[in-house]
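Here are the chains, one letter per residue:
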Amino acid sequence: MHLLRTTSTSLLGATLIATAAAAQDQRLDRLDPSVRPLVASVIDSARAAGLPTEPLVQRALEGATKGAPGEVIVGAVQRLVADLGEARSALGPGTTPPELAAGAAALRAGAGPAVLAKLRRARSQTITVPLAVLADLVASGVPVDSAAAAVLALASTTRDADLVEFRRAVERDIALGAPPGMAVSTAASAAYGAQGLQLDAGARQSRPSRP
Amino acid sequence: MAQSLGIHHVGASDGELVRRVRAGDTGAYTALVARYRDRLGRYAVHMLGDREDAEEALQDAFVRGYRSLARCDDPERFGAWLYGILVNRCRTAGARAARRGRLFVRDDAALTRAPLPSPAERAEWDDTVRRALARLAPEYREAFLLKHIEDLEYDEMARLTGAGISALKMRVKRAREQLQLIFREAERV
Amino acid sequence: MFEHSENVIERIVAHLRRPVQIDPAVDSRVMEEIAGGPTPRVSGPHEAPPAETATRAFQFVVVAPRAARVALVGDFNDWDAARTPMRPSQRGGPVWTAVVPLSPGRYRYAFLVDGSRWLADPAAPAARDDEFGTPSSVVTVGGS
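Here is a short report on the structure shown in this document. (Residues numbered from 1 in each chain as written. Chains lettered and ligands numbered in written order. Predicted model: local features only at pLDDT ≥ 70, side-chain atom pairs only at ≥ 80, totals over all residues. Heavy atoms only, no water.)

### Structural notes on the overall build of chain B
Step number 1: The number of helices and strands found in chain B is nine helices and zero strands.
Step number 2: Along chain B, from the amino end to the carboxyl end, the secondary structure elements read α-α-α-α-α-α-α-α-α.
Step number 3: When the 189 residues of chain B are sorted by exposure, 53% land in the buried category.
Step number 4: Summarising the internal contacts of chain B: among those between residues at least 6 apart in sequence, 70% fall at separations of at least 24.
Step number 5: About 8500 Å² of surface is accessible on chain B, with carbon and sulfur atoms providing 50% of the total. (Helix = DSSP H or I, 4+ residues; strand = E, 2+ residues; numbered from the N terminus. Buried < 20%, exposed > 50% of the residue type's maximum accessible area, 1.4 Å probe, protein only. Contact = heavy atoms within 4.5 Å. Areas by Shrake-Rupley, 256 points an atom, 1.4 Å probe, with all protein chains shown as cover.)

### Observations concerning the nonpolar core
A general tendency of soluble globular proteins is for nonpolar side chains to be buried together.
Step number 1: In this structure, Leu116(A), Leu134(A), Leu137(A) and Phe166(A) are the most contacted members of the largest nonpolar core, which totals 67 residues.
Step number 2: The element contributing the most residues to this core is helix α4 (residues 70–91) of chain A, with ten residues.
Step number 3: Shared between two domains, this core holds at least three residues of each, these being domain 1 (1–91) and domain 2 (110–211) of chain A.
Step number 4: Sequence-distant contacts of Leu137(A), that is, excluding residues within four places in its chain, are made with Val142(A), Ala147(A), Val151(A), Phe166(A), Arg167(A), Val170(A) and Val184(A).
Step number 5: By size, the runner-up hydrophobic cluster in this structure holds 66 residues, among which are Ala54(B), Leu58(B), Phe62(B) and Ala132(B). (Core = buried A, V, L, I, M, F, W, Y, C linked by side-chain atoms within 4.5 Å. Domains from an automatic or database assignment.)

### Description of the environment of Ala82(C)
Residue and element names in this part refer to chain C.
Step number 1: Tracing the backbone through its elements, the reader meets Ala-82 in the loop between β3 (70–74) and β4 (87–88).
Step number 2: Overall, the relative accessible area of 65% leaves Ala-82 in the exposed class.
Step number 3: Spatially, the C-alpha atoms of Ala-82 and Val-70 are 10.0 Å apart, while their sequence positions differ by twelve residues.

### A look at unusual backbone geometry
Step number 1: At Asp151(B), a residue that is not glycine, the phi angle is positive and equals roughly 60 degrees.
Step number 2: Within the fold, Asp151(B) resides in the loop between α7 (138–149) and α8 (154–161).
Step number 3: Of note, the phi angle at Asp78(C) is positive, near 60 degrees, even though the residue is not glycine.
Step number 4: Assignment of secondary structure puts Asp78(C) in the loop between β3 and β4.
Step number 5: Its relative accessible area of 9% is what places Asp78(C) among the buried residues.

### A look at the packing of aromatic side chains
Step number 1: A full pass over the atoms with the stated rule returns ten aromatic pairs over all chains.
Step number 2: With a centroid separation of 5.9 Å and an interplanar angle of 55 degrees, the aromatic rings of Tyr36(B) and Phe78(B) are classed as tilted. Here the residue Tyr36(B) occupies a position in helix α2 (residues 28–48), and Phe78(B) occupies one in helix α4 (residues 78–100), the gap between them amounting to 42 residues. Note on accessibility: Tyr36(B) and Phe78(B) belong to one class, buried.
Step number 3: Taking 6.5 Å as the distance between ring centres and 40 degrees as the angle between the ring planes, the aromatic pair formed by Phe76(C) and Tyr109(C) counts as tilted. Taken as a pair, Phe76(C) in the loop between β3 and β4 and Tyr109(C) in strand β6 (residues 105–113) lie far apart in primary sequence, 33 residues in all. Accessibility assignment for this pair places Phe76(C) and Tyr109(C) in one class, buried.
Step number 4: Among the aromatic residues, ring-to-ring pairing joins Tyr29(B), Tyr36(B), Tyr66(B), Phe78(B) and Trp81(B) into one connected group.
Step number 5: Its guanidinium or amino end placed over the ring of Trp118(C), Lys66(A) lies 5.4 Å from that ring's centre, counting from NZ or CZ. (Phe/Tyr/Trp six-rings, centres within 6.5 Å; stacked < 30°, edge-to-face > 60°. Lys NZ or Arg CZ within 6 Å of the ring centre and 35° of its normal.)

### Considerations on the interface of chain C and chain A
Step number 1: With 27 residues of chain C at the contact, the number on the chain A side is 34 residues.
Step number 2: In total, chain C and chain A occlude about 2400 Å² of area from one another, counting both sides; carbon and sulfur atoms represent 54% of this.
Step number 3: On the surface where chain C and chain A come into contact, there are four salt bridges.
Step number 4: A salt bridge links Arg79(A) to Glu131(C), with the shortest nitrogen-to-oxygen separation between them at 2.7 Å.
Step number 5: Along the contact surface separating chain C from chain A lie ten residue pairs in polar contact (both at pLDDT 80 or more).
Step number 6: Going through the elements one at a time, β6 and β8 (137–141) of chain C are the ones with two or more residues in the side of chain C that touches chain A.
Step number 7: Here the side of chain C that touches chain A is composed, by residue class, of ten nonpolar, eight polar and nine charged. (Buried area = accessible area lost by both parts, 1.4 Å probe. Salt bridge = Lys/Arg side-chain N within 4 Å of Asp/Glu carboxyl O. Polar contact = N/O pair within 3.5 Å; in protein donor to acceptor, adjacent residues only side chain to side chain. Nonpolar A, V, L, I, M, F, W, Y, C, P; charged D, E, K, R; others polar.)

### Quick look at the pattern of salt bridges
Step number 1: Scanning the entire structure with this criterion turns up 39 salt bridges over all chains.
Step number 2: Between Arg64(B) and Asp60(B) there is a salt bridge, with the nearest N and O atoms lying 3.2 Å from each other. Residue Arg64(B) and its partner Asp60(B) are both found in helix α3 (residues 51–67); the two are separated by four residues, about one turn of the helix.
Step number 3: You can call Arg64(B) partly exposed: its relative accessible area is 30%.
Step number 4: Ionic pairing is found between Asp75(C) and Arg108(C), a salt bridge with its closest N-O pair at 3.7 Å. One end of the pair, Asp75(C), is in the loop between β3 and β4; the other, Arg108(C), is in strand β6, and 33 residues separate them in sequence.
Step number 5: Take Arg108(C): its relative accessible area is 1%, and that puts it in the buried class.
Step number 6: Overlapping salt bridges, with partners in common, bring together Asp25(A), Arg27(A), Glu54(A), Asp78(C), Asp80(C) and Arg83(C) in one network.

### Notes on helix α7 (residues 128–139) of chain A
Step number 1: Between its terminal C-alpha atoms α7(A) stretches 17 Å, which fits the 16 Å expected from twelve residues at 1.5 Å a residue.
Step number 2: In the stretch just after α7(A), Gly141(A) is the one whose phi turns positive, near 105 degrees. (Expected span 1.5 Å × (residues − 1).)

### A short note on α4(A)
Step number 1: Over its 22 residues, α4(A) runs 31 Å from end to end, which matches the ideal 32 Å to within 8%, given 1.5 Å per residue.
Step number 2: Of the residues one or two after α4(A), Gly92(A) is the one with positive phi, at around 90 degrees.

### So, the packing of α2(B) against α3(B)
The packing of two helices is summarised by the inter-axis angle and the distance between the axes.
Residues and elements named next belong to chain B.
Step number 1: Here α2 crosses α3 at 140 degrees, and the two axes come no closer than 9 Å. In terms of orientation, α2 and α3 fall into the oblique class. Remark: the crossing between α2 and α3 carries right-handed chirality. Across from Tyr-29, Leu-32, Val-33, Tyr-36, Arg-37, Leu-40, Gly-41, Ala-44, Val-45 and Leu-48 in α2, the residues of α3 making contact are Asp-53, Ala-54, Ala-57, Leu-58, Phe-62, Gly-65 and Tyr-66.
Step number 2: For the contact of α2 with α3, a count of residues per class yields 13 nonpolar, two polar and two charged. (Axes fitted to C-alpha atoms, helices over the stretch in contact; angles between N-to-C directions. Parallel < 35°, antiparallel > 145°, perpendicular 65-115°, else oblique. Left-handed = near helix turned anticlockwise from the far one by under 90°.)

### Focus on the pairing of strand β5 (residues 95–102) of chain C
Residue and element names in this part refer to chain C.
Step number 1: Strand direction decides the pairing type here: strand β2 (residues 56–63) and β5, joined by eight bridges, are antiparallel. Paired with Ala-57 across the strands is Pro-101, a residue of β5.
Step number 2: Note: β4 against β5, two bridges, orientation antiparallel. Paired with Arg-87 across the strands is Thr-97, a residue of β5. (Pairing = 2+ DSSP bridges.)

From the geometry alone we can't say anything about function, so treat these as descriptive.
What follows is the structure, given as structure tokens:
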């Protein structure tokens, strides 16, 4: 009982400190006074849960600049909190804020948590860019499964810059009229090297080293 | 042979600055830009006949020069190499401006109606020369400026323009003849 | 006035050989553009040459004819329309640019024209996680 009370007290304390932190963020003054406390409270809860708050602040400020109604801004921030939470569950502890933000975007685009978890295992370096590329590909009309398979196959051996270039190639081909699914497999094969690429989620051949 | 462009420097040599830029010291490029800005700018202003177009072409040439610095085979000749880029940029800018129809007065009547240049009125003389230059075909104007204003040798001009030496000599000759003719016409009015 | 043709040429040459002073601001524009990207200017954000630091300069370009002012807003500047005004091309043409340093990550952004009209970047991926009914774009900054 005593232990429980201590824990509750410290959680409450953390929330109070967090509330103070959000309340003092002058950037949120750009929000309508009727909306500001609600947004601050959502952000505080996220902080208490150990989620990054900067993407939430940015989302709220975007809404303010775009002149969105208060309830739309609050709803958008709440949805982003949920996405960030789900991304963290899928990607595990130690995930960096940029990875969480990109992961949330990938989830919103339609990639499942399992894909995020596979990406985490597939690559030892940061997976911010693979996650962002995945989100962008799906946004370009590439079916989620094809996009996920291609990014998974490339993630372990491909540098960030080449992944971004891969995404550009896909978008270029789509703009030129290629069906999105075909565009992604063509570009992935080119990015992967001459030996070809099996676009299933398990395909992870070693890639020739770059000159 | 940066000297063939008549350019003399104090301080770090072009080669030294180019090597510093290639080693990652982007700031060293500022020194090269400042060194060649006015000199190359003069060519662009006379070639394009419009100061804003000229500054844009010049800026573009410097940026392209930076981005392809790895292909500058002889860093000591950076100035001459950059000239080549600028000549190309001016050709592109000139063609674009001609399509826009906003550059180069091709109205012969306007020129012959123009008042005679008076040595006392530099602005008028300036304007007359500018319009006379504008009446030359671009390749004549280019050859005339490189030969007589920038003091290049024909082999250097051939390297920069991709034209043969005899063709360049012919262009310079035609440019001179046309300029003389234009001014004779102006005199008769 | 021009009795001898050769005199005319000499006078023209002397006139054209006078030094021409170019706006020294060309220097800073060149350096800014160099920081903005390794490729000739087209649309979309372009990564600068590799830098030692984690932050890289990106150049944003938008074509906005008849605009009086254009602001770049996004996750990197608090969506603050006053923070990153874009600069028009030199003779007031329709091309507007801004250079922003970005650290690795995914950023959403948009262009705000004359304080009221929103434009996405046609050369960048569209942000589908847009919640506010106006288009936004995405730039992804890699670390490797």
